[in-house]
Amino acid sequence: MRENWFKFWNHPRTKAVRHWSNITYDVSWNIILFLIIAVLLIGSFSVGAAGGYFASLVKDTKAPPLTEMKQEVNSYAVTSQIYWGSGEKLTNISTDEERQPVDIKNISPYLIDALLSTEDVDFYQHDGVVPKATLRAVLQELTNSASRTGGSTLTQQLIKNQILTNEVSFERKAKEILLALRLENAMSKDEILQAYLNVVSFGRNSLGRNIAGIEAASQGVFKKSAKKLTLPQAAFLAGIPKNPYYYTPYLQGGVVKKDLTPSVNRMKTVLKRMYVAKNITKEQYEKAIKHDITKDFAKQSKRSRDTYPYVYDLAEREATKIMTKYLMKQDGVKEDEVKPSELAEVRANYQDQALVALRQGGYKVHMTLDKKIHESMQQPAKNNGNFPGGMQYKQVVDPKTKKTVSKQDPEETAAVMVQNETGRILGFVGGRYLDGKADDFNRAFQAKRQIGSTAKPILVYSNGIENRLITPASTVNDEEYYYQTVPRQPGDRPIKNEGGRYRGNVTIRTALELSLNVPAVKIYEKMNMSNSIQKLVDMGVEVPDAIRYAPSAALGTMEITPVELAGAYATLANYGEFVQPYVISKITKDGKDIYKAKPKKKRIYEPRTAYLTLDMMRGVFSKGTATFAKDRLNVPGDWAGKTGTTNDIKDSYLVGSTPGVTLAVWTGHDQNNSLIGPTTYYQRTQTLWSQMANATYAANSSYFKSGARFTQPSSVTANDFKNSGRFKEEDKKKKAEEAKKKKEADAQKKEEQQKEQDQAKEKAEADAKKKATDDAKRAADAKAEAEAKAKAEAEAKKKAEADAKKKEADAKKKEADAKKQQEQQKKQDEKKNDAASEN
């Protein structure tokens, strides 16, 4: 055996195999050794390069102090607040993302286990970063792998959410790792976990609002606190942060998604990982996975409006405008320096920033509204007894279906009270609160409507006085009249007054008190209409060019919001100085003013003009079109105002001022139906106005200055109360025309009198002729009657004679017949006797 083995070992072929095997081994070993050395060198180089690259990415990153990091991580969005002008807090400004911070002790252990099993199994073991997970994520990124497992710990995610951004870059990732390691030294694991659970997004709640933090999520999805979550509920919520708006069960508006399969499957995945991590038993797992989680969801909730919805919406809208300008100014952006093509985008960008800042920046928005004044104005608007009981409808086209549908169109109202001297809006009514609810349309600030005759004091008579064309004593002929400054078209109708009648020569004062249309148009057409309109433009009213040159503007065809109308009338009450009405007095942050209202002021009318116009407007309440309101007004003071109605009675107004305030009230329909009802439309408007005036005075009378009167300026002279304006020339012309017409009328009257005399003479002659004819006719008739009578008597006599003769003949004949009969009887008797004798 040994010899055979030795013989095999020394065989030439065996030696050859051994020779080449040794060579192969030596070569292979050298190659392996080289590869090992190469790998070590490359690895060392890679680690060094990676370390150098990492160092280069974070070289400019300054590690913040630990206390600062802790404060920044725990810094949540601070809700801004709104305050009444009278000092009381109104409400908080709602944020895009609801959050209710909660202590980790008040969070269900199920939720914590579910979150850690899913998002960070080694949370309590690592130091803020898991190297292998980070390396895996980097390799997946470099290779553009379709499978992404993620490499961020909860600590890293917290850093990204609270300190860094969502930017996808290696630089951001490197900073995230560095800051995560540092945060682990600043906070305990429970503190980090608590902070994470208070900031992470959970999609939407049953109101459709965005929610962040586990407490808001638990309340918004299951209507319970985070402490009381069951195992399946905890697993469901723990699965949402991976993709909040994909896994949330709600759509915008709080509607539950039709397909909840992804969300339910995600819950099951979380439960599976909890079971694998041995956080729950097999029995708990199987029971939870069979649970129908959809039955636990809170039903869609309706948005609970604040007690003062119109106020809240207005405050947020106006504050956003202010914050937009503030942020642009902070960045040095001037609108006149931005390209027109880019301006809209720039504004929109800053508006978005302003809204976010306002909702999360902890600002205090102070309004001008007096709480008592504002609240007192709402009661008449909420009283359905002040409006028609029946509902009106309007045929409108549904924008979605494009079909014509019948839409409810209730009678609405809006009102604004402005402090004349300051421009502060003290209160307003945005709508009626039908069924106890307000809608999203603030009619006081957003409803542009034609203003009817309320245009006359601010557009016609004030400018007429300003131009020395008229005085309150000027006279004008109220008559049938057509527009003179526009070509008359076939079918055009004359300007009509309400009631349809004309009053002849009247003073301007009377014309305003009775709201006559013809005098207003006549005066307006004598002025530069564009210059008159410019006064409204200077008061912030947008007026189309077509209206600027239209004589119909005298009757209020321009569209103005109630707040703009109140501001214009407050200008008259402020002796001609316009003060831009405003509703935000200031915005503060950390006790410092970042905005303080400086309302626009501009001289619109001379004090003389304003006073004379006001003086005429006093008569509107005392003997004009607002006496109905005056009879119901319990507020003392010097009132001046004007009513207004538009065509087809679609809008009704009353605006009244004291030396302190101006109150404007509108009624109408959103869909432009005419005002109807069991009471006259103007009575409803004036009832609302007087009730609001009475209620606001009772709430805070100090604003009204009821003890004062509008003071006559020194610029007003005695001639201002005489017919001293240039319009009197037209009066002379009118008088001459009237005299001419009178002379013509007198001549015509005389001619008619002569004609009447001639007609009377002709009538007398005709009557005499007729009488003679009638007499002749009567004589002829009498003669004929007598002849007829005589003839009748003759005929009667003749007939009587004939009758007598006939009677006599008949008697003779009868006598003869009787005699003849006797003779025959005698013969028969004789013949019988003869026969008897023979026998």
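Everything in this summary refers to the structure shown in the same document.

Definitions and cut-offs
- Residues numbered from 1 in each chain as written.
- Predicted model: local features only at pLDDT ≥ 70, side-chain atom pairs only at ≥ 80, totals over all residues.
- Heavy atoms only, no water.
- Core = buried A, V, L, I, M, F, W, Y, C linked by side-chain atoms within 4.5 Å.
- Buried < 20%, exposed > 50% of the residue type's maximum accessible area, 1.4 Å probe, protein only.
- Helix = DSSP H or I, 4+ residues; strand = E, 2+ residues; numbered from the N terminus.
- Contact = heavy atoms within 4.5 Å.
- 1 Å grid on protein atoms, 1.4 Å probe; cavity = no way out; pocket = protein on both sides within 12 Å on 5 of 7 lines; lining within 4 Å.
- Points joined across faces, edges and corners; volume = space filled by probe spheres on them.
- Nonpolar A, V, L, I, M, F, W, Y, C, P; charged D, E, K, R; others polar.
- Pairing = 2+ DSSP bridges.
- Axes fitted to C-alpha atoms, helices over the stretch in contact; angles between N-to-C directions.
- Salt bridge = Lys/Arg side-chain N within 4 Å of Asp/Glu carboxyl O.

Judged by nonpolar contacts, the single largest core of 123 residues is most densely connected at Tyr461, Met558 and Trp689. Among the elements that make up this core, the one with the highest residue count is helix α14 (residues 309-330) (ten residues). Excluding residues within four positions of it along the chain, Tyr461 makes contact with Lys456, Ile470, Ile508, Ala511, Leu512, Leu516, Pro519, Ala520, Ile523 and Met616. Core analysis: the second largest hydrophobic core is formed by 56 residues, Leu197, Ile214, Leu229 and Ile280 among them.

This part is about the layout of surface pockets. Looking at the second largest pocket, its volume works out to about 1,100 Å³. In terms of lining, the second largest pocket is formed by 33 residues, of which the most central are Glu318, Lys321, Lys325, Gln580 and Pro581. Secondary-structure elements contributing two or more residues to the lining of the second largest pocket are α14, α15 (340-360), α23 (562-573) and β17 (592-596). The residue makeup of the lining of the second largest pocket, split by class, is 15 nonpolar, seven polar and eleven charged.

Moving on, we come to empty space enclosed by the protein. This model, assessed by the stated rule, comprises one cavity of 30 Å³ or more. For the lining of the largest cavity, the secondary-structure elements that each account for two or more residues are α23 and β15 (577-579). Considering only residue class, the lining of the largest cavity consists of four nonpolar, four polar and one charged.

Bringing helix α4 (residues 109-119) into the picture now. Turning to α4, its buried residues are Leu111, Ile112, Ala114, Leu115, Leu116, Ser117 and Thr118. Residues of α4 that are buried make contact with α6 (154-162), α8 (189-199), α9 (214-222), α10 (231-239) and α12 (261-276).

This part covers unusual backbone geometry. Although it is not a glycine, Tyr433 adopts a positive phi angle of roughly 65°. With respect to the helices and strands, the residue Tyr433 is situated in the loop between β10 (425-429) and α17 (443-446). Of the residues examined, Tyr433 reaches a relative accessible area of 9% and is grouped as buried. Even without being glycine, Asn672 reaches a positive phi, approximately 65°. Along the chain, Asn672 turns up in the loop between β21 (661-669) and α26 (681-699).

Right, let's talk about the sheet that holds β10 for a bit. What the five strands build is an open sheet, ordered β10-β9-β21-β20-β19; its pairing is antiparallel. The open sheet has two edge strands, β10 and β19 (640-645), and neither has a second partner. Each strand of the sheet is rotated relative to its neighbour by a mean of 5°, with strand direction disregarded. Summarising the sheet, strand β20 (residues 651-657) and β21 pair through seven bridges and their orientation is antiparallel. Bridging across to β21, Asp651 finds its partner in Gly668.

Right, let's get into the pattern of salt bridges. Under the defined criterion, the tally for this structure stands at 20 salt bridges. Between Glu318 and Lys321 there is a salt bridge, and its shortest N-O distance comes to 3.3 Å. Remark: Lys321 and Glu318 occur in helix α14; sequence separation between them is three residues, near one turn of the helix. The partly exposed category is assigned to Glu318, whose relative accessible area is 22%. On the accessibility criterion, Lys321 (47% relative accessible area) is partly exposed. The network of salt bridges with common partners includes Arg509, Asp615, Arg618, Asp638 and Arg709.

Okay, the pairing of strand β7 (residues 393-397) next. Bridge count between β7 and strand β8 (residues 404-408): five bridges; the pairing is antiparallel. Paired with Val397 across the strands is Thr404, a residue of β8. With antiparallel pairing between neighbouring strands as the criterion, β7 and β8 make up a hairpin whose turn holds six residues, including Lys402 at a positive phi of roughly 65°.

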